[in-house]
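Structural description and commentary
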Amino acid sequence: MTHQPRLNSLQERHASLDRQLAQEGQRPAPDAGTITRLKREKLRLKEEMERLRAAR
């Protein structure tokens, strides 16, 4: 069974979170809570992507 569509979706979401983190970091007063939430979500997606790649 191929996980490629799900993997592509996760990669797109991961890239989106990356952009959001960059935008938040460029604000005059970045919100630490938002940055933490985005980083945790990004890590969760990364771990899921790794599991899918390992399941091939």
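Residues numbered from 1 in each chain as written. Predicted model: local features only at pLDDT ≥ 70, side-chain atom pairs only at ≥ 80, totals over all residues. Heavy atoms only, no water.

1. As for helix α2 (residues 32–54)
Here is the rule we go by: Secondary structure follows DSSP: runs of H or I at least 4 residues long count as helices, runs of E at least 2 residues long count as strands, and numbering of each begins at the N terminus. The span one expects for a helix is its residue count, reduced by one, times 1.5 Å. Three exposure classes are used, based on accessible area relative to the maximum for each residue type with a 1.4 Å probe and protein chains only: buried under 20%, partly exposed in between, and exposed over 50%. Here a residue-residue contact requires only that any non-hydrogen atoms of the pair lie within 4.5 Å.
With 23 residues, α2 extends 33 Å between its outermost C-alpha atoms, agreeing within 8% with the 33 Å of an ideal straight helix rising 1.5 Å per residue. Of all the positions in α2, only Ile35, Leu38, Lys42, Leu45, Glu48, Met49 and Leu52 are classed as buried. For α2, the secondary structure elements touched by its buried residues are α1 (4–26).

2. Examining the nonpolar core
Condition: Nonpolar core, defined: a set of buried Ala, Val, Leu, Ile, Met, Phe, Trp, Tyr and Cys residues in which side-chain atoms within 4.5 Å join the residues together.
Counting residues in each nonpolar core, the largest one holds 9 residues, listed as Leu7, Leu10, Leu17, Leu21, Ile35, Leu38, Leu45, Met49 and Leu52. Residue assignment for this core shows that the elements contributing at least two residues are α1 and α2. Here this core gets 5 residues from one element, more than from any other, and that element is α2. What Met49 contacts, discounting residues up to four positions off in sequence, is Leu7, Leu10, Gln11 and His14.

3. Re the side chain of Glu48
You can see Glu48 is positioned in helix α2. Taking the relative accessible area as the measure of exposure, Glu48 reaches 15% and is therefore buried. Aside from chain neighbours lying at most four places away, what touches Glu48 is Arg6 and Leu10.

4. Examining the packing of α1 against α2
Inclusion rule: Lines fitted to C-alpha atoms define the axes here, with helix axes fitted over just the stretch in contact, and angles between the N-to-C directions of these axes take values from 0 to 180 degrees. For classification purposes, angles smaller than 35 degrees are called roughly parallel, those larger than 145 roughly antiparallel, those between 65 and 115 roughly perpendicular, and all remaining angles oblique. Less than a right angle of anticlockwise turn of the near helix away from the far helix marks a crossing as left-handed, whereas a clockwise turn marks it as right-handed. Residues are grouped as follows: Ala, Val, Leu, Ile, Met, Phe, Trp, Tyr, Cys and Pro are nonpolar; Asp, Glu, Lys and Arg are charged; all remaining types, including Gly, are polar.
Where α1 contacts α2, the axes come no closer than 9 Å and their chain directions differ by 160°. The pairing of α1 with α2 is recorded here as roughly antiparallel in orientation. Crossing hand, α1 versus α2: left-handed. Side by side, α1 and α2 meet where Arg6, Leu7, Leu10, Gln11, Arg13, His14, Leu17, Asp18, Gln20, Leu21 and Glu24 of the first sit next to Thr34, Ile35, Leu38, Lys39, Glu41, Lys42, Leu45, Lys46, Glu48, Met49, Leu52 and Arg53 of the second. Counted by class, the contact of α1 with α2 contains 9 nonpolar, 4 polar and 10 charged residues.

5. Describing the pattern of salt bridges
The test is simple: In what follows, salt bridge is the name for a side-chain nitrogen of Lys or Arg lying within 4 Å of a carboxyl oxygen of Asp or Glu.
In this structure the tally under the stated criterion is 5 salt bridges. The partner of Arg6 in a salt bridge is Glu48, and the shortest N-O contact between them spans 2.9 Å. In this pair, Arg6 is assigned in helix α1 and Glu48 in helix α2, connecting sequence segments 42 residues apart. Taking the shortest distance from any N to any O, the salt bridge between Glu24 and Arg27 comes out at 2.8 Å.

Interpretation note: all reported values are geometric properties and have no functional meaning in isolation.
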